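Secondary and tertiary structure notes
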Amino acid sequence: MTFPDGSAMDLHQVVALCSELSSVATADGDLGQVVALVAGRAGVWAAVVDDALTVLALSGGPDRGEADLLGEALETDKEAVSQLISAAARMRRALSLPAFGAAAVSLVVAPILVGDDSVAYLLTAGHDADETGEDTRIMVTEHAAMVSAVILGRRRVVAIAAGRARRELFDGLVLVGDRTEADIDGWARHLGIEPGHRQRVLLTAVESPTGAAVPAVTELVEHLIATRCPIATVVNRGTEVVALVPGDDDAGLAGMLTGLARLCHRTVTERFPGVRVIAGLSDPHTGAVRISTSYGQARRAVDIGRTFPGLPEVTVFADLGVHRLLAQVREVAELGRFTRHVLGALLDYDRANGTGYCETLSVYFRENGSPQRAGALLHAHPNTVTYRVRRAEEIAGLDLGYYPDRLAVQLALEIRNGLGGDGCATAS
Amino acid sequence: MRDRIVNEAPLLGAYVVPGEDDREQAAAAAAAVRDAGADLVVTATSGPERSRYTSTNQAIDLAATCLGRAGVPSVATVTTWSRTVMALQAHLLGGHARGVTRLVCGNGSAPSDRAQWGDARWAVDVVELIELLGRLNEGIDRHGLRLETPTRFDIGVRIRAVPRLTAADRARIRRKIDAGAHFVVTSPVYRPEALEPLLEVVDGDVPVIATVHALRSAAEAELLHHELARGCLPVKLLRRLEHAADGAAEEGKQIAVEATAAIAGHTQGILLSRSDQPDLVTRVRAVLARPAVNPG
């Protein structure tokens with residue numbers, strides 16, 4: 001670890017720094033103090049980041065006016081830093097990312113371990129032109145990570161208690177009926193929700209292959225939503241995370257929450273292969289008394305998304321259309337049987353010959369029977385679309401000009417697309 | 001590394017010697033030798049800066065760069081000179097995270113500028129480094145604590161190939177292999193006789209990959225003739241380079257090809273000392289046209 005003037009920390013300075021860091025933990029300090037101390041005393045850049053490389057605390061550089069080398073490294077070498085963080089989480093040890101050339105920046109990453117989890121990571125960056133202080137830096141980074149773990153562990157205990165209270169309040173708000181409007185407004189205020197606000201509910205459900213709850217995933221989702229949408233009231237209910245988000249711009253809020261849900265889906269899929277995330281978004285409603293309606297809609301959107309895995313990863317209640325009705329069918333296999341009854345011959349033909357007549361029909365109907373628009377989407381000539389539709393009718397033995405046939409085919413296609421993959425693959 | 005040695009013998013590699021602050025140049029050199037027929041590159045620790053900086057960290061970083069940017073299988077040289085176990089473990093795990101799992105271990109040597117660097121210090125030697133890597137592969141760290149995920153390092157060790165080995169030399173070589181090395185990389189070999197004692201000590205326990213250096217001038221040959229142990233670089237090679245005069249560099253390459261042909265049958269692969277001669281890679285590849293050692 002080298003100061004801007006080129007000198008390295010001596011033993012007394014290292015001992016003093018470690019002692020100061022320890023006192024931050026005992027004095028109930030925060031992560032900002034930890035990184036500021038490390039940067040100021042050790043002549044490096046320091047930060048605490050989470051799995052998604054979101055910066056939770058960042059120090060200034062060791063020298064006033066010098067560029068933010070750690071910020072630059074996080075920005076420009078994201079892939080390498082992500083690899084390092086992911087390995088640090090797996091190994092539960094400090095790792096270093098060596099630099100090339102005297103001017104480059106080397107990184108040390110130490111996981112911040114609370115219980116069995118790597119809840120965040122302490123990063124230090126320095127020039128270390130001759131690496132004379134690398135041992136010191138690794139040691140200081142590890143110690144600072146340990147102090148951060150004490151701070152975050154303490155917060156976690158408080159957060160768990162607060163989370164439990166929040167969950168109980170929320171359950172009371174949305175699940176318990178027979179309350180007066182005044183009671184509901186009061187419960188909402190306890191949760192920090194202004195009763196008169198317009199709001200939507202985003203519900204993110206987590207499903208593991210074994211069916212067991214995965215706390216690490218719901219906590220990650222909770223964290224992703226809470227940090228990116230600070231106005232949301234976020235409740236972790238064990239197997240799902242509920243976010244109640246106020247906002248008067250209906251379309252803007254829907255777009256933002258859909259994007260947030262996609263981020264959660266992507267992040268969880270990357271970090272926890274095999275774990276499925278299903279998100280549902282309610283319609284907007286005004287007033288605390290409608291929160292239970294919002295939750296109910298988001299809940300139904302998730303249930304429908306679960307039944308129809310072919311739907312987009314975020315199911316928006318308002319966009320569900322006929323799937324709201326289809327999801328009422330208790331036996332999903334019955335939907336598959338209906339689809340095979342209507343389209344079985346065409347499905348078999350497509351599979352046997354590698355043709356895409358079902359796909360052509362889907363796009364044709366979605367484009368309101370326009371061969372031109374369907375052709376543009378399918379990269380085919382309109383005449384080709386017309387030919388394929390006619391050929392599909394022949395193979396399926398149906399007449400799309402006859403209303404009952406057309407309705408049955410449209411429903412069967414919606415079911416096929418919603419169930420996705422092999423949902424209608426075989427006759428059963 | 002071990003699977004490549006078994007399945008794709010004979011192995012051919014080349015050392016990438018770092019240029020000043022130029023990763024891209026190293027990645028381009030790696031790609032060029034790969035295109036010329038090399039199976040992998042080994043990133044060296046001694047670059048032109050010849051400082052502590054041009055050591056383990058740089059070799060790991062270069063290997064990650066050659067692997068990541070050029071897609072060339074890379075082996076990093078790791079030396080213990082002036083490094084603690086704590087730093088070595090952090091660097092090794094950091095390199096592992098970036099895909100650098102093939103290593104050649106050595107003690108390393110301090111720069112001669114003692115005024116700047118002070119006396120050379122080794123907190124651990126190469127045997128202890130190999131043992132550390134072996135434990136990491138078993139999922140145990142430097143403190144003896146369990147790692148969540150074991151590493152999967154291929155552990156190579158650098159050993160000098162000289163015509164005469166004392167009993168102490170032989171014992172030291174055996175200690176390195178018995179510590180858990182998976183393969184041996186030799187110092188440059190100019191004549192088969194320099195390799196024989198080492199092969200005798202290794203006794204087929206692990207694959208041996210011989211380094212071959214193409215001499216560039218008579219002056220270099222003369223220097224090495226005096227610097228290296230007696231008999232490593234015979235006078236007749238020095239004379240050949242002197243007679244070649246302006247063609248000494250070409251003669252050096254020819255000697256390297258001849259040396260390869262002479263020793264390939266006794267080793268599992270050849271490493272060329274420099275990656276800046278793709279034409280030499282092609283010529284050596286031609287000599288190694290058939291498996292040097294029967295994997296069975």
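The model shown is predicted, which means the values in this text are computed figures rather than measured ones. (Residues numbered from 1 in each chain as written. Chains lettered and ligands numbered in written order. Predicted model: local features only at pLDDT ≥ 70, side-chain atom pairs only at ≥ 80, totals over all residues.)

Take the overall build of chain B next. Counting its regular elements, chain B contains 12 helices and eight strands. Counting every position in chain B, which comprises 296 residues, the buried fraction comes to 50%. (Helix = DSSP H or I, 4+ residues; strand = E, 2+ residues; numbered from the N terminus. Buried ≥ 20, exposed ≤ 12 C-beta atoms within 10 Å, placed from the backbone.)

With that out of the way, let us pick up the overall build of chain A. The helix and strand tally for chain A stands at 15 helices and 11 strands. Counting only residues that meet the buried cut, chain A has 43% of its 428 residues in that class.

This paragraph deals with the pairing of strand β8 (residues 240-246) of chain A. All names here are of chain A. Among the seven residues in β8, six count as buried, and that is most of the element. The pairing of strand β6 (residues 198-207) with β8 spans seven bridges and is classified as antiparallel. Note that in β8 the partner of L202 across the bridge is A243. Sheet topology note: the strand β7 (residues 233-236)/β8 ladder contains four bridges and is antiparallel. The partner of N236 across the bridge, within β8, is V241. With antiparallel pairing between neighbouring strands as the criterion, β7 and β8 make up a hairpin whose turn holds three residues, including G238 at a positive phi of roughly 95 degrees. (Pairing = 2+ DSSP bridges.)

Residues and elements named next belong to chain A. Two numbers describe how helix α13 (residues 371-378) lies on helix α14 (residues 382-396): the axes approach to 8 Å, and their chain directions differ by 100 degrees. For the element pair α13 / α14, the angle class is roughly perpendicular. Two secondary-structure elements touch here, α13 through P371, Q372, A374, G375 and L378 and α14 through P382, T384, V385 and T386. Grouping the amino acids of the contact of α13 with α14 by side-chain chemistry returns five nonpolar, four polar and no charged. (Axes fitted to C-alpha atoms, helices over the stretch in contact; angles between N-to-C directions. Parallel < 35°, antiparallel > 145°, perpendicular 65-115°, else oblique. Contact = placed C-beta atoms within 7 Å. Nonpolar A, V, L, I, M, F, W, Y, C, P; charged D, E, K, R; others polar.)

We now examine the pairing of strand β3 (residues 74-79) of chain B. Residues and elements named next belong to chain B. Counting buried positions along β3 gives six out of six residues, so the element sits mostly inside the fold. Across three bridges, the pairing between strand β2 (residues 40-43) and β3 is parallel. Of the residues in β3, the one forming a bridge with V41 is S74. The sheet contact formed by β3 and strand β4 (residues 102-106) spans four bridges and is parallel. From the neighbouring strand, T79 faces β4, where its bridge partner is G106. With helix α4 (residues 85-97) bridging β3 and its parallel neighbour β4, the resulting β-α-β unit is right-handed. (Right-handed = clockwise from strand over helix to strand, strands pointing away.)

Here we take up the sheet that holds strand β1 (residues 45-49) of chain A. All names here are of chain A. Spatially, β2-β1-β5-β4-β3 is the arrangement adopted by the five strands of the open sheet, whose pairing is antiparallel. What marks the edges here is a single partner per strand, and that holds for β2 (55-58) and β3 (95-97). Here the average twist between neighbouring strands, direction ignored, is 25 degrees. The sheet contacts of helix α4 (residues 78-91) involve β3, β4 (106-114) and β5 (117-126), and relative to β4 the element is tilted by about 40 degrees. Of the strands in this sheet, β1, β3, β4 and β5 touch helix α5 (residues 134-175), which is tilted by about 30 degrees from β4.

Quick look at the sheet that holds strand β8 (residues 269-272) of chain B now. In any sheet, the strands associate via hydrogen bonds between backbone groups, in a parallel or an antiparallel arrangement. Ordered in space as β1-β2-β3-β4-β5-β6-β7-β8 (chain B), the eight strands form a closed barrel in which the pairing is parallel. Strand-to-strand twist across the sheet, computed as the mean angle between neighbouring axes with direction ignored, equals 25 degrees.

The next thing to look at is the packing of helix α11 (residues 332-353) of chain A against α14(A). Residue and element names in this part refer to chain A. Orientation of α11 relative to α14, taken along the N-to-C sense of each, is 115 degrees, at an axis distance of 8 Å. In terms of their interaxial angle, α11 and α14 are classed as roughly perpendicular. Crossing of α11 against α14: the hand is right-handed. Contacts between α11 and α14 involve L343, A345, L346 and Y349 from the former and A392, I395 and A396 from the latter. Tallied by class, the residues present in the contact of α11 with α14 amount to seven nonpolar, no polar and no charged. (Left-handed = near helix turned anticlockwise from the far one by under 90°.)

All names here are of chain A. Residue position: L175 is located in helix α5. We classify L175 as exposed; it has 10 C-beta atoms within 10 Å. Along the sequence, L175 and G296 sit 121 residues apart, while their C-alpha atoms lie 9.4 Å from each other.

Taking 1.5 Å per residue as the helical rise, helix α9 (residues 291-307) of chain A with its 17 residues ought to reach 24 Å, and the 24 Å between its terminal C-alpha atoms agrees with that figure. Three or more residues of α9(A) are buried, namely A:I291, A:S294, A:Y295, A:Q297, A:A298, A:A301, A:V302, A:I304 and A:G305. (Expected span 1.5 Å × (residues − 1).)

Taking 1.5 Å of rise per residue, the 12 residues of helix α6 (residues 126-137) of chain B would be expected to cover 16 Å, and the 16 Å separating its terminal C-alpha atoms lies within 8% of that figure. Turning to α6(B), its buried residues are B:V126, B:V127, B:L129, B:I130, B:L132, B:L133 and B:L136.

Bringing the confidence of the model for chain B into the picture now. Residues and elements named next belong to chain B. With 84% of its residues at a pLDDT of 70 or more, chain B has an overall mean of 84. Low pLDDT, under 50, characterises residues 47-53; the predicted model gives this stretch 21 contacts beyond four residues in sequence or across chains. This model gives residues 291-296 a pLDDT under 50, and the stretch forms 12 contacts once residues within four places in sequence are excluded. Scoring the predicted complex yields pTM 0.64 and, for the interface, ipTM 0.75. (pLDDT = per-residue confidence, 0-100.)

Attention shifts here to unusual backbone geometry. Trans peptide bonds make up most of the peptide bonds, and negative phi angles are found at most residues other than glycine. Residue and element names in this part refer to chain A. The phi angle at R92 is positive, at roughly 60 degrees, despite the residue not being glycine. When you line up the elements, R92 lands in the loop between α4 and β3. Given 18 C-beta atoms within a 10 Å radius, R92 is considered partly exposed. In this structure, N368 is a non-glycine residue whose phi angle is positive, near 55 degrees. Along the chain, the position of N368 falls in the loop between α12 (357-366) and α13.

As a further point, take the nonpolar core. Ranked by size, the top nonpolar core spans 141 residues in total, and within it A:V109, A:Y121 and B:C66 carry the most contacts. Top contributing element to this core by residue count: α5(A), with nine residues. Beyond its immediate chain neighbours, meaning those up to four positions away, A:V109 contacts A:L84, A:I85, A:A88, A:A94, A:L95, A:Y121 and A:L123. Formed by 72 residues, the second largest nonpolar core is a distinct cluster that contains A:L202, A:V268, A:L281 and A:A327. (Core = buried A, V, L, I, M, F, W, Y, C linked by C-beta atoms within 7 Å.)

A separate point is the environment of A:H341. Residue and element names in this part refer to chain A. Within the secondary structure layout, H341 lies in helix α11. We classify H341 as exposed; it has 11 C-beta atoms within 10 Å. Placed 71 residues apart in sequence, H341 and A412 show a C-alpha to C-alpha distance of 8.9 Å.

Glancing now at the environment of A:A380. Residue and element names in this part refer to chain A. Examined against the element boundaries, A380 turns out to sit in the loop between α13 and α14. Along the primary structure A380 and T360 are separated by 20 residues, whereas in three dimensions their C-alpha atoms are 10.0 Å apart. If near-sequence neighbours (up to four positions away) are discounted, A380 is found in contact with G375 and V385.

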